[in-house]
Amino acid sequence: MQETILVTGGAGYIGSHTAIALAERGHRVVIVDNLANSSRRAVERIGELARAEVDFHEVDLVDNEALGEVFGQHAISSVIHFAGLKAVGESVAEPLGYYRTNLISTINLLEQMEANHVWDLVFSSSATVYGDPDLLPIPEDAKLQPTNPYGRTKLMIEDICRDVAAADDRWRISLLRYFNPVGAHPSGRIGEDPRGIPNNLVPYVMQVAVGRRDQVQVYGDDWNTADGTGVRDYIHVVDLAMGHLAALDHLEPGCDVFNLGTGTGASVFEIIKTTENVSGRPIPFEVIGRRDGDIATSLADPSKANRNLEWRADRSLDVMLADSWNWQSKHPNGFADDDPGAPTDAPAPDPDGGGASPMPTS
Ligand code: NAD
Ligand code: UFG
């Protein structure tokens, strides 16, 4: 059945991949995004790749009135809420901006949903709510102990969702705790496009592979892991997108929470090596000291989502990194490469650089 789904933050990295999957499933997609960390190009590409019309509203969710107008214009049946600020370091430096944006946006959204009798919500939480875990792999009922303001906004929003669902049994809410999303759409037409210097490992490694940066700084090789570097549960963004469709299909009254990960870890050195293999490019690196707030290992126990959502992330690390490279090699400067006159700091793309993965479209 065709439904109208509001995707907040739908121009962003995970939201754009999810919007494609929703439109391909036949849903009508309405995107609200203020483009604070994304490009209008991504919205155009969603329509092009899904061969569907996508309604786009450039609106800040902090502006409750403007958000209300969007609800007034569409018969929305459910919401996937991606919009928010997500840089850990920035959240430490500017906590008030993070609390303001992430919390007020969500409160406005929940108020508008209630006022318009929309009760179905899927929310982007994060493995960051577990902080430094006591137990590996991490189950959903592990201790919640975020270590930075960004993580605390995620936990506060989870608590707000649990409270509204407890107060009114019409709510059906799914909180999805993502582990480390990487990869890109197999077309190479959309992908992760961080502003400035990437904070996260895979975008950084890709920018080194494409010649935009000299070398990767490895944050410590003295962790208690097999090769001494940090281990994370990387998940392909298309698998993650499909997890949202599964969550929508399996919404139940109340508020439930699911880890979305693969359950398999990869170290920093494995990411570097695999990227060298899929790109055919050397990735120079230097080992420096540990980054503040880092942990040795983060690994999901995804069995609850596997069972209850009938969903599994099965794309391999090779496919994840081949797809990241496919996107990066075709767009050394991200979406800016498609804007004539936009400043660039990368060499011209290598015509041999783009090795598309054998993965079928989602
Ligand atoms: P992203 O920055 O690419 O996407 C977020 C989108 O929200 C952007 O397009 C941005 O412009 C928009 N936005 C921000 N503030 C807004 C506001 N006030 N009003 C309207 N739009 C606004 O990030 P992403 O990686 O796609 O992450 C999506 C969600 O998943 C975020 O909530 C993030 O915290 C969460 N998450 C991300 C990761 C990750 O590693 N990428 C991991 C766990 C959780
Ligand atoms: N790393 C490096 N060099 C870099 C960047 C990262 O060695 O330039 C290492 C880190 O020390 C860590 C691993 O690579 O061992 C992964 O680091 P990321 O920054 O890519 O990912 P994190 O797991 O640290 O954090 C990310 C998001 C958080 C989110 C968390 C869980 O940034 O917001 O995943 O979803 F909470």
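Residues numbered from 1 in each chain as written. Chains lettered and ligands numbered in written order. Predicted model: local features only at pLDDT ≥ 70, side-chain atom pairs only at ≥ 80, totals over all residues. Heavy atoms only, no water.

### Observations regarding the pattern of salt bridges
Side-chain pairs of opposite charge can arise where the charged atoms are in close proximity.
Piece 1. Inspection of the entire model under this criterion finds 18 salt bridges.
Piece 2. Of the charged contacts in the structure, one is a salt bridge between Arg45 and Glu48, with a shortest N-O distance of 3.9 Å. Of this pair, Arg45 and Glu48 are both found in helix 2 (residues 40–50), three residues apart, which corresponds to roughly one turn of the helix.
Piece 3. Accessibility expressed as a relative area gives 39% for Glu48, which makes it partly exposed.
Piece 4. When the shortest N-O distance is used, the salt bridge between Arg189 and Glu48 registers 2.8 Å. (Salt bridge = Lys/Arg side-chain N within 4 Å of Asp/Glu carboxyl O. Helix = DSSP H or I, 4+ residues; strand = E, 2+ residues; numbered from the N terminus. Buried < 20%, exposed > 50% of the residue type's maximum accessible area, 1.4 Å probe, protein only.)

### Examining the site of ligand 1
Piece 1. Taken together, 28 residues sit near ligand 1, with Asp33, Asn37, Ser38, Lys86 and Tyr150 positioned nearest.
Piece 2. In this structure, an oxygen atom belonging to ligand 1 sits 2.8 Å away from a main-chain N or O atom of Tyr13.
Piece 3. When ligand 1 sits alone it has 820 Å² of accessible area, and the protein chains cover 94% of it.
Piece 4. When residues in the shell around ligand 1 are grouped by element, the largest group, three residues, is from strand 5 (residues 120–126). (Near = heavy atom within 4 Å. Polar contact = N/O pair within 3.5 Å; in protein donor to acceptor, adjacent residues only side chain to side chain. Areas by Shrake-Rupley, 256 points an atom, 1.4 Å probe, with all protein chains shown as cover.)

### Re the packing of aromatic side chains
Piece 1. One pass over the structure, following the stated rule, counts four aromatic pairs.
Piece 2. With centroids separated by 4.9 Å and ring planes inclined at 55°, the aromatic side chains of Trp327 and Phe335 adopt a geometry described as tilted.
Piece 3. One Lys or Arg, Arg290, reaches over the ring of Trp223 and ends 3.8 Å from the middle of that ring. (Phe/Tyr/Trp six-rings, centres within 6.5 Å; stacked < 30°, edge-to-face > 60°. Lys NZ or Arg CZ within 6 Å of the ring centre and 35° of its normal.)

### Details of the pairing of strand 11 (residues 254–260)
Piece 1. Of all seven residues that make up strand 11, five are buried, and the element is covered over most of its length.
Piece 2. Both strand 6 (residues 172–178) and strand 11 contribute to a ladder of seven bridges, which runs parallel. Bridged to Ile173 within strand 11 is Cys255. (Pairing = 2+ DSSP bridges.)

### Notes on the site of ligand 2
Piece 1. For ligand 2, the set of nearby residues contains 20 residues, the closest of which are Asn200, Gln217, Arg232, Arg291 and Asp294.
Piece 2. At 3.2 Å from an oxygen atom of ligand 2 is found a main-chain nitrogen or oxygen belonging to Tyr178.
Piece 3. The fraction of the free accessible surface of ligand 2 (690 Å²) that becomes covered by protein chains is 88%.
Piece 4. At three residues, the largest contribution of residues to the shell around ligand 2 is made by strand 8 (residues 216–219).
Piece 5. Its residues assigned to classes, the shell around ligand 2 shows 10 nonpolar, seven polar and three charged. (Nonpolar A, V, L, I, M, F, W, Y, C, P; charged D, E, K, R; others polar.)

### Remarks on helix 8 (residues 237–249)
Piece 1. Relative to the 18 Å expected for 13 residues at 1.5 Å per residue, helix 8 spans 19 Å between its end C-alpha atoms, a close match to the ideal helical length.
Piece 2. Every buried residue belonging to helix 8 is among Val237, Val238, Asp239, Leu240, Ala241, Gly243, His244, Leu245, Ala246, Ala247 and Leu248, and all of these are buried. (Expected span 1.5 Å × (residues − 1).)

### Quick notes on the state of the cysteines
Here a disulfide denotes a covalent bond joining the sulfur atom of one cysteine to the sulfur atom of another.
Piece 1. This structure, assessed with the given rule, holds zero disulfides.
Piece 2. Just so you know, Cys161 is unpaired, no disulfide at all, and the nearest cysteine sulfur is the one on Cys255, 5.6 Å from it.
Piece 3. Note on Cys161: relative accessible area 1%, which makes it buried.
Piece 4. Residue classification places Cys255 among the partly exposed positions, given a relative accessible area of 25%. (Disulfide = S-S within 2.5 Å.)

### Some words on the sheet that holds strand 5
Piece 1. As summarised here, the arrangement of the seven strands in space is 3-2-1-4-5-6-11, forming an open sheet in which the pairing is parallel. Edge strands, defined here as strands with exactly one partner in the open sheet, are strand 3 (54–58) and strand 11. Strand-to-strand, the axes of this sheet are offset by a mean angle of 20°, without reference to chain direction.
Piece 2. Pairing between strand 4 (residues 78–81) and strand 5: four bridges, direction parallel. Looking at the pairing, Val79 lines up with Leu121 of strand 5.
Piece 3. Its contacts with the sheet place helix 8 against strand 1 (4–8), strand 4, strand 5, strand 6 and strand 11, and it is angled at close to 160° to strand 6. (Axes fitted to C-alpha atoms, helices over the stretch in contact; angles between N-to-C directions. Contact = heavy atoms within 4.5 Å.)

### Notes on the pairing of strand 3
Piece 1. In terms of strand pairing, strand 2 (residues 28–33) meets strand 3 through five bridges, oriented parallel. Looking across to strand 3, one finds that Val32 is bridged to His57.
Piece 2. Note on the crossover from strand 2 through helix 2 to strand 3: the handedness is right-handed. (Right-handed = clockwise from strand over helix to strand, strands pointing away.)

### Digging into the nonpolar core
Piece 1. Counting residues in each nonpolar core, the largest one holds 40 residues, and the members touching the most others are Leu22, Val29, Leu260, Leu309 and Trp311.
Piece 2. Setting aside chain neighbours within four positions, we find Val29 in contact with Ile5, Val7, Ala19, Leu22, Ala23, Val54 and Asp55.
Piece 3. Judged by nonpolar contacts, the second largest core, of 27 residues, contains Val79, Ile157, Trp171 and Leu175. (Core = buried A, V, L, I, M, F, W, Y, C linked by side-chain atoms within 4.5 Å.)

### Topic: the environment of Leu85
Piece 1. Relative to the assigned elements, Leu85 resides in the loop between strand 4 and helix 4 (88–93).
Piece 2. The class of Leu85 is partly exposed, set by a relative accessible area of 25%.
Piece 3. For the pair formed by Leu85 and Gln2, sequence separation is 83 residues and the distance between their alpha carbons is 30 Å.
Piece 4. For Leu85, the contacting residues outside a window of four places in its chain are Gly97, Tyr98, Thr101, Asn102 and Tyr150.

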